[in-house]
Number of protein chains: 2
Amino acid sequence: MRASYLQFSPSYLEPDRNRARVAEMIQGVETDLLVLPELFTSGYFFQSQDDLAEVAEPVPEGPTTDALRHWADDLNATVVAGLPEQEADLVYNSAAVASPAGEVAVYRKVHLFYQENDLFATGDLGFPVLEVEADGTSYRLGVMVCFDWYFPEAARTLAVKGADVIAHPSNLVLPHCPDSMPVRARENHVFTITANRTGREQREDEILQFIGQSEICDPDGNILQRAGAEDKGVGTVEVDPAEARDRHINQYNDVLADRRPDMYTLA
Amino acid sequence: MRASYLQFSPSYLEPDRNRARVAEMIQGVETDLLVLPELFTSGYFFQSQDDLAEVAEPVPEGPTTDALRHWADDLNATVVAGLPEQEADLVYNSAAVASPAGEVAVYRKVHLFYQENDLFATGDLGFPVLEVEADGTSYRLGVMVCFDWYFPEAARTLAVKGADVIAHPSNLVLPHCPDSMPVRARENHVFTITANRTGREQREDEILQFIGQSEICDPDGNILQRAGAEDKGVGTVEVDPAEARDRHINQYNDVLADRRPDMYTLA
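To keep things clear, this report deals only with the structure shown in the data block. Residue positions are given per chain, counting from 1 as you read along its sequence in written order. For this description, chains carry letters from A and ligands carry numbers from 1, given in the order in which they are written. Restriction of local features to residues with pLDDT of at least 70 applies here, the model being predicted, together with a cutoff of 80 or more for giving and counting side-chain atom pairs; totals for whole chains, interfaces and linings are based on all residues. For side-chain calculations, the full set of non-hydrogen atoms in the structure is used, while hydrogens and water are omitted.

1. Focus: the nonpolar core
In summary, soluble globular proteins display a tendency toward joint burial of nonpolar side chains. Here the nonpolar core consists of buried residues drawn from Ala, Val, Leu, Ile, Met, Phe, Trp, Tyr and Cys, with membership extended through side-chain atoms lying within 4.5 Å. Using a 1.4 Å probe on the protein chains alone, a residue whose accessible area is under 20% of its type maximum counts as buried, one over 50% counts as exposed, and one in between counts as partly exposed. Ranked by size, the top nonpolar core spans 134 residues in total, and within it L33(A) and L33(B) carry the most contacts. Two residues qualify as a contact provided that any one of their heavy atoms is within 4.5 Å of a heavy atom in the partner residue. Once you skip the residues sitting within four places of it in the chain, L33(B) turns out to touch M1(B), R2(B), A3(B), S4(B), A77(B), T78(B), V80(B), Y139(B), L141(B), V165(B) and I193(B).

This is the structure:
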């Protein structure tokens, strides 16, 4: 199957424009799995809770879920994308997953970074692993968002729950993630697809520079493709999720079966 | 305080010679914590269970613990070193910790690599964190051995149990660890000291090439010192364990306090 990230620079508080730009960028793309950045509809560095409220929307009833469903149908691909999700009086930093069959799942970011803690409610749904049909076979897709990468428990939880492929919508500003995702891929023996954004946003005198470098890793921790820091576009690689299914790294060691929970203190 | 690794190439099945070489290499070394490689007394690639039995010894009653105590006293430093530990009819791939005060602790490797599974019993004592006095202050020292690095639960368990510094005796042959230890250090906000060996060993037609590159990382994931692939000697850096004590990486995020065990599936 083919797996893709889309890297671009969302415009702050312009969801219509951002959806239109993505719609244009994916024309003619041939893929089975497309991952968009975190908060791709809204931009990231909210000036206020009011700004966030203006662009938050319900899932699956909102316009972005409609667009994702439409793109999933058009591309015959599963689409994973980050957006601010309104539920009652809370806003989550969420990722929605739309399948070609019209199904929608949602993940709410569990580990909030920095000032996100002032704006968003922390995720309450756990880490989802979905059975997905693609290219005549099926695989298991896990989802985490941006800063979740920092906590090994996030990708580990997805692997333990059976993920072969991890979709990772991101708005990275720290420099460490691109060189760390190969470790996450290797330690869990999974594919990872990090879709990051580019550009910069400012609030008062604080500037956030997003680092691009969207990346696809294989279960051995090889970087199959990495975008440049400023590139805009879709990157696609052919991957075989079956490679992730057997977690052996040699005839003796299986990275999940060798775990020794009785020896760990993780509570 | 000063933290050190010792990197050398142990001679196979020659514990007297290996202890003598270490005794020579540490003359004049000024440090508070010295980490030696995994199985530094014995070599690594055992031709048979009989070969292993020949060099396994009890801890703390054996000659290597005597030597470690002696070195700890001489250097006024805590010494961590790997050796094959005999207990009843089992042999563990262990690390002994000797303090200047004469105390000895032991860790038995939990995650056995490759053909170690044919030779050693798997560790049954969990991951130790010891309160250590050094240079007028005290810090908490955790221990893991070589392949334990591959499993994020090992270093995480040590951090959750309060480790400021992780001693990591190793006999690395895979290429990934030196570039992964900064991730372990960063995700747990701890210092790490990996002491690896050099040289090669052969069994039948299989050759293991040890990769050297002993390494000390700080809690931000910076590599403070890395040895070359073939270097022999002691590497020392000044570290402040207090830097690891506060796990905040910004005013909002604490890498341990932000964990969400209720959202994880790790059993």
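2. So, the relation of the copies chain B and chain A
Superposition of the copies used a least-squares fit over C-alpha atoms from residues whose pLDDT is at least 70 in both. Taken as rigid bodies, chain B and chain A are interconverted by a rotation of 180° and an axial shift of 0.0 Å, the fit giving an RMSD of 0.0 Å. Such a combination of rotation and displacement between the chain copies is what one expects of a two-fold axis. For chain B, the smallest separation between a C-alpha atom and the rotation axis is recorded for P152(B), amounting to 3.2 Å. When the interface residues of chain B are mapped onto chain A, 100% of them are again interface residues, pointing to one common binding face.

3. Focus on the interface of chain B and chain A
Across the contact, 44 residues belong to chain B and 44 residues belong to chain A. For this document, the term salt bridge refers to a Lys or Arg side-chain nitrogen within 4 Å of an Asp or Glu carboxyl oxygen. Inspection of the chain B/chain A interface yields six salt bridges. Taking the shortest distance from any N to any O, the salt bridge between E187(B) and R184(A) comes out at 2.5 Å. A 3.5 Å cut-off defines polar contacts: any pair of N or O atoms within that distance qualifies, except that in protein one atom must be a possible hydrogen donor and the other a possible acceptor, and neighbouring residues in sequence count only when both atoms are side-chain atoms. Counting every contact that joins chain B to chain A gives 24 residue pairs in polar contact (both at pLDDT 80 or more). Helix numbers and strand numbers start at the N terminus; a helix is a DSSP run of H or I with at least 4 residues, a strand a run of E with at least 2. Broken down by secondary-structure element, the contributors of at least two residues to the side of chain B that touches chain A are α4 (116-119), α5 (152-160) and α6 (177-188) of chain B. Of the residues belonging to the side of chain B that touches chain A, the class tally is 20 nonpolar, 13 polar and 11 charged. In this count, Pro and Cys sit with the nonpolar residues alongside Ala, Val, Leu, Ile, Met, Phe, Trp and Tyr, while Asp, Glu, Lys and Arg are called charged and the others, Gly among them, polar.

4. Regarding the side chain of T157(A)
Of note, T157(A) is situated in helix α5 (residues 152-160). With a relative accessible area of 1%, T157(A) lands in the buried category. Looking at T157(A), its side chain comes within polar contact range of the main-chain nitrogen of T265(B), at 3.0 Å. Contact partners of T157(A), with chain neighbours within four places excluded, come to F127(A), M263(B), Y264(B), T265(B) and L266(B).

5. As for the sheet that holds strand β7 (residues 137-143) of chain B
Residues and elements named next belong to chain B. Two strands make a pair as long as DSSP finds a minimum of two bridges between them. Spatially, the six strands line up as an open sheet ordered β6-β7-β8-β9-β12-β13, and their pairing is mixed. The sheet terminates laterally at β6 (129-134) and β13 (223-226), the two strands that pair on one side only. Neighbour-to-neighbour, the strand axes of the sheet open up by a mean angle of 20°, direction not taken into account. Of the strand pairs in this sheet, β6 and β7 are connected by six bridges, and their pairing is antiparallel. Considered in β7, the bridge of E133 is made with S138. Axis geometry follows a simple rule: fit a line to the C-alpha atoms, using only the stretch in contact for helices, then measure angles between N-to-C directions, giving values from 0 to 180 degrees. Contacting β8 (165-169), β9 (191-195), β12 (215-217) and β13, α6 runs over the sheet at an angle of about 25° to β12.

6. Details of the pattern of salt bridges
Counting across every chain of the model gives 38 salt bridges over all chains. For R197(B), the salt bridge goes to E201(B), with nearest N and O atoms at 2.7 Å. Per residue, the accessibility class of R197(B) equals that of E201(B), and both read buried. Sharing partners across several salt bridges, the network here consists of E85(A), E87(A), R108(A) and D124(A).

Interpretation in functional terms is not warranted from these geometric data alone.
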